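# Commentary on secondary and tertiary structure
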Amino acid sequence: MSGTSVDGLDCALIAIDDGKVQLLQTLQQDIPAEVRKQVATLSHSGPGEIEQLGPLDRRLGYLFGSAVLALLEAADKSAADISAIGSHGQTIRHRPRSGGHSGLESFSLQIGDPNTIAETTGITTVADFRRRDIAAGGEGAPLAPAFHLGAFGADGVNRAVINIGGIANVSLLAGNALVAGFDTGPGNTLLDHWIARQQQLPYDRDGNWAASGELIPDLLARLLSHPYLQLRGPRSTGKEAFNLPWLYDLLSGLPDHRPEDVQATLAQFTAQTIASAVEHAGLDVSEAYVCGGGAHNTDLMARLDRALPGCKLATTAALGIDPDWVEAATFGWLAWRTLAGLPGNAPAVTGAAQARVLGAIYPGGS
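Residues numbered from 1 in each chain as written. Predicted model: local features only at pLDDT ≥ 70, side-chain atom pairs only at ≥ 80, totals over all residues. Heavy atoms only, no water.

Residue placement: Glu 287 occurs in strand 10 (residues 287-291). For Glu 287, a relative accessible area of 16% corresponds to the buried category. Residues Glu 287 and Ala 314, spaced 27 residues apart in sequence, show a C-alpha to C-alpha distance of 8.1 Å. Residue contacts for Glu 287: discarding those within four places in its chain leaves Val 157, Asn 158, Arg 159, Ala 160, Cys 311 and Lys 312. In terms of polar contacts, Glu 287 uses its side chain to reach the side chain of Arg 159, at 2.8 Å. Side-chain polar atoms of Glu 287 contact the side chain of Tyr 289, separated by 2.7 Å. (Helix = DSSP H or I, 4+ residues; strand = E, 2+ residues; numbered from the N terminus. Buried < 20%, exposed > 50% of the residue type's maximum accessible area, 1.4 Å probe, protein only. Contact = heavy atoms within 4.5 Å. Polar contact = N/O pair within 3.5 Å; in protein donor to acceptor, adjacent residues only side chain to side chain.)

Right under this line is the structure:
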C-alpha cells in the first residue's frame, strides 16, 4: 500500500484461513525523495503528463516489487510460498461522482505497473481494484469497509472503524452488518503538507506542533464550508479537493496567524469532520477503533476522543491488527477475494449497482 501521503510503502504478509486474516510479517520502505516529487507533480495537471506517467509507472512497479522481495527475505519465504500480491498502486487522480464527475467522466487512476511487479517478483499480482467499481456506477472508494467488517465486526456491538491516512474514512458496523462506509474528508494530508511547508518536516510527530497552537474559529468555519462535507450517502474524496492551494485561498481573506495556530485548526478540522460524519450516519456507535498513521498522533486522537463523547476510543491493535498494517492487509485480502472469484466491493458503501469482483490478474513468471 502506498497512500495519499506518499510517505512510504507498507507491505504485509498475511495468511487467510476461513476468511480470517493473520498478519505474519510486515515491512515499511521509504519512497525515494525524487519519486515522491514526481508523484506530487503528476498529481496535478500540467504539460507532458503522458511522458511523465509512463516512466514513473514503471519505476513505482519496480519499487513495489523490490519491497515485496525484501519482505519475503525478512520472513524467510520464497516466491513459491506466495499465492499472490495485492497492489493498491499509487493514486495520482481520484475523480468520483461525488466530486461532480458523472457517468463516463468519473475515474480513478493508480500507477505502479503490475506487469513490472509480477516480472520482478515472479509472483501473480492483482491490481487496479477501484476502476471496476466505478464502471459499475460506484465511487471506487472506500474499499476497506468490507475488510473491516470481516476483521472487526462483532455480535451485539456498534463500532466505527476509522482509518486516518492522507484522507480519513469510516466504516460503521452494526454487529456483523456493514451499515455504511465513506470518506469523511482530510486525515493527515493538510497537516503533513502544512508542516512540510512551514518547518520542512514530513509530519507533526505526536501532534506536538498542533498541540502548541490555538484554534482559529474563522478558519475552522471556512474549512467546514467545503461542499463535500454537506454530502450524504456513498461518497469519496481526495487531495484534488483538499490541498494546500485551497487552504491558502481560505487563509488569504483572514488576518495573519501563527503557523502553529493553523496546524491546530487543521487538526481540529480532521477530528470534527470524522466525528460529524459518524454522528450524521445515524448509528449509535459505542466503540471506535482507529488505524492508519493518524493513530500515532496523540493530539489528534485526543481531539477525536473529545469529539466522540460517550464512545470508547482505541486503535485496532485492541482488536488484533496493528493500526499501521490494516490497509496493506486489506489489499492482500482483496487479492484473495479476486482469485477466488468473490466480490470485493460493498455496494452500500460505494454506491455501485452490484457487488463486483475487483481487480485484474497478472500471472507470475515460471
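Right, picking up where we left off after that structure.
All told, the structure shown has 7 aromatic pairs when counted by the stated rule. With a centroid separation of 5.7 Å and 50° between ring planes, the pair formed by Trp 194 and Tyr 248 is classed as tilted. Residue Trp 194 is found in helix 6 (residues 189-199), and its partner Tyr 248 is found in helix 9 (residues 244-251); the two are separated by 54 residues along the sequence. Here Tyr 248 falls in the partly exposed class, since its relative accessible area comes to 31%. When the centroid spacing of 6.3 Å and the interplanar angle of 55° are considered together, the rings of Phe 242 and Phe 269 count as tilted. Here Phe 269 lies in helix 10 (residues 259-280) and Phe 242 lies in the loop between helix 8 (217-223) and helix 9, a separation of 27 residues in the sequence. The exposure class assigned to Phe 269 is buried, which follows from its relative accessible area of 0%. Following the ring pairs from residue to residue traces out a cluster consisting of Tyr 228, Phe 242, Trp 246 and Phe 269. Sitting over the face of the ring of Phe 182, Arg 235 holds its NZ or CZ atom 4.0 Å from the ring centroid. (Phe/Tyr/Trp six-rings, centres within 6.5 Å; stacked < 30°, edge-to-face > 60°. Lys NZ or Arg CZ within 6 Å of the ring centre and 35° of its normal.)

Counting 24 residues, the largest nonpolar core has Leu 9, Val 35, Leu 56 and Leu 60 as the members making the most contacts within it. Elements supplying a minimum of two residues to this core: strand 1 (9-17), helix 1 (33-42) and helix 2 (49-75). Per-element accounting of this core gives the leading share, 9 residues, to helix 2. Excluding residues within four positions of it along the chain, Leu 9 makes contact with Met 1, Ser 2, Leu 27, Gln 28, Gln 29, Ile 31, Leu 63, Phe 64 and Ala 67. (Core = buried A, V, L, I, M, F, W, Y, C linked by side-chain atoms within 4.5 Å.)

UniProt's feature table lists "binding site: ATP" (unreviewed entry) at Gly 3, Thr 4, Ser 5, Val 6, Asp 7, Gly 8, Leu 9 and Asp 10, given in the numbering used throughout. With respect to the secondary-structure elements, Ser 5 resides in the segment before strand 1. Inspection of the secondary structure assignment puts Gly 8 in the segment before strand 1. Contact partners of Gly 8, with chain neighbours within four places excluded, come to Met 1, Ser 2, Gln 28, Gln 29, Asp 30 and Ile 31. (UniProt positions renumbered as here; feature names shortened; annotations may be inferred.)

Let us look at the packing of helix 10 against helix 11 (residues 298-307). Interhelical geometry of helix 10 versus helix 11 gives an angle of 40° and a closest axis separation of 9 Å. When the axis of helix 10 is compared with that of helix 11, the two are oblique. Where helix 10 crosses over helix 11, the two elements pack in a sense that is right-handed. Residues Ala 264, Ala 267, Gln 268, Thr 270, Ala 271, Ile 274 and Ala 275 of helix 10 form the contact with helix 11, whose participating residues are Asp 299, Leu 300, Arg 303, Leu 304 and Ala 307. (Axes fitted to C-alpha atoms, helices over the stretch in contact; angles between N-to-C directions. Parallel < 35°, antiparallel > 145°, perpendicular 65-115°, else oblique. Left-handed = near helix turned anticlockwise from the far one by under 90°.)

This brings us to the pairing of strand 1. Note that strand 1 and strand 2 (residues 20-29) share 9 bridges and pair antiparallel. Looking across to strand 2, one finds that Ala 12 is bridged to Thr 26. Adjacent in sequence and paired antiparallel, strand 1 and strand 2 are bridged by 2 residues, among which Asp 18 carries a positive phi angle near 55°. (Pairing = 2+ DSSP bridges.)

Moving on, we come to the side chain of Ser 171. Checked against the element boundaries, Ser 171 lands in strand 8 (residues 167-174). Separated by 2.7 Å, the side chains of Ser 171 and His 148 make a polar contact.

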